[in-house]
Amino acid sequence: SDVRRLRQELGLTPAVRTFFLFGSPIAKSASPAMHNAAFGELGIKGWRYDRCETTDVDAALKVINSDEFGGGSVTMPLKEAVMPHMHELSDSARRIGAVNTIISRTLAGGERMLVGDNTDWVAVRNLVQDKVCARRLRTGG
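Notes on the structure in this doc start here. Computed from a predicted model, the values in this text were never measured in an experiment.

Moving on, we get to the environment of Gly71. Following the sequence through the fold, Gly71 ends up in strand E3 (residues 69–74). With relative accessibility at 2%, the residue Gly71 sits in the buried group. Counting along the chain gives 43 residues from Gly71 to Leu114, while the straight-line C-alpha distance between them is 8.3 Å. Residue contacts for Gly71: discarding those within four places in its chain leaves Thr18, Phe19, Phe20, Ile102 and Ser104.

The following block contains the structure:
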């Protein structure tokens, strides 16, 4: 907690940041509750995770371009629509052709850079690996 406080005092951890889940339908998503619980458990005051229920990329961009935007998760139907608005794309996002994570970075000069990533493949890989391991255990090979 001392390190967190010091990082905030030095401006290394922004005091107020809002993170979002973008897409539709998202009203029943547990993401805000999970992230807000994690922020609370970690003692990160001033950070919150909210929903931006929309199918309109321009409405999402209005939120993304706000000063307090900290990053976000992107679901359908916006995964492809936000791509051209990122300053940089990870190799995964480029190869998959969709963004499900927006990382907001503040550069040395104070300007903000938006990085689009895609982590969906990790879940798919883990599921396949689990199934393969389970099958090997059952068949002895």
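Attention shifts here to the pattern of salt bridges. Counted under the stated rule, the structure contains two salt bridges. Between Lys79 and Asp120 there is a salt bridge whose closest N-O contact spans 2.7 Å. Residue Lys79 is found in the loop between E3 and strand E4 (88–89), and its partner Asp120 is found in helix H5 (residues 120–139); the two are separated by 41 residues along the sequence. With a relative accessible area of 14%, Lys79 lands in the buried category. For Arg95, the salt bridge identified is with Asp91, shortest N-O distance 2.9 Å. With a gap of four residues between them, Arg95 and Asp91 both fall in helix H4 (residues 91–96), about one helical turn apart.

What counts and what doesn't
Residues numbered from 1 in each chain as written. Predicted model: local features only at pLDDT ≥ 70, side-chain atom pairs only at ≥ 80, totals over all residues. Heavy atoms only, no water. Helix = DSSP H or I, 4+ residues; strand = E, 2+ residues; numbered from the N terminus. Buried < 20%, exposed > 50% of the residue type's maximum accessible area, 1.4 Å probe, protein only. Contact = heavy atoms within 4.5 Å. Salt bridge = Lys/Arg side-chain N within 4 Å of Asp/Glu carboxyl O.

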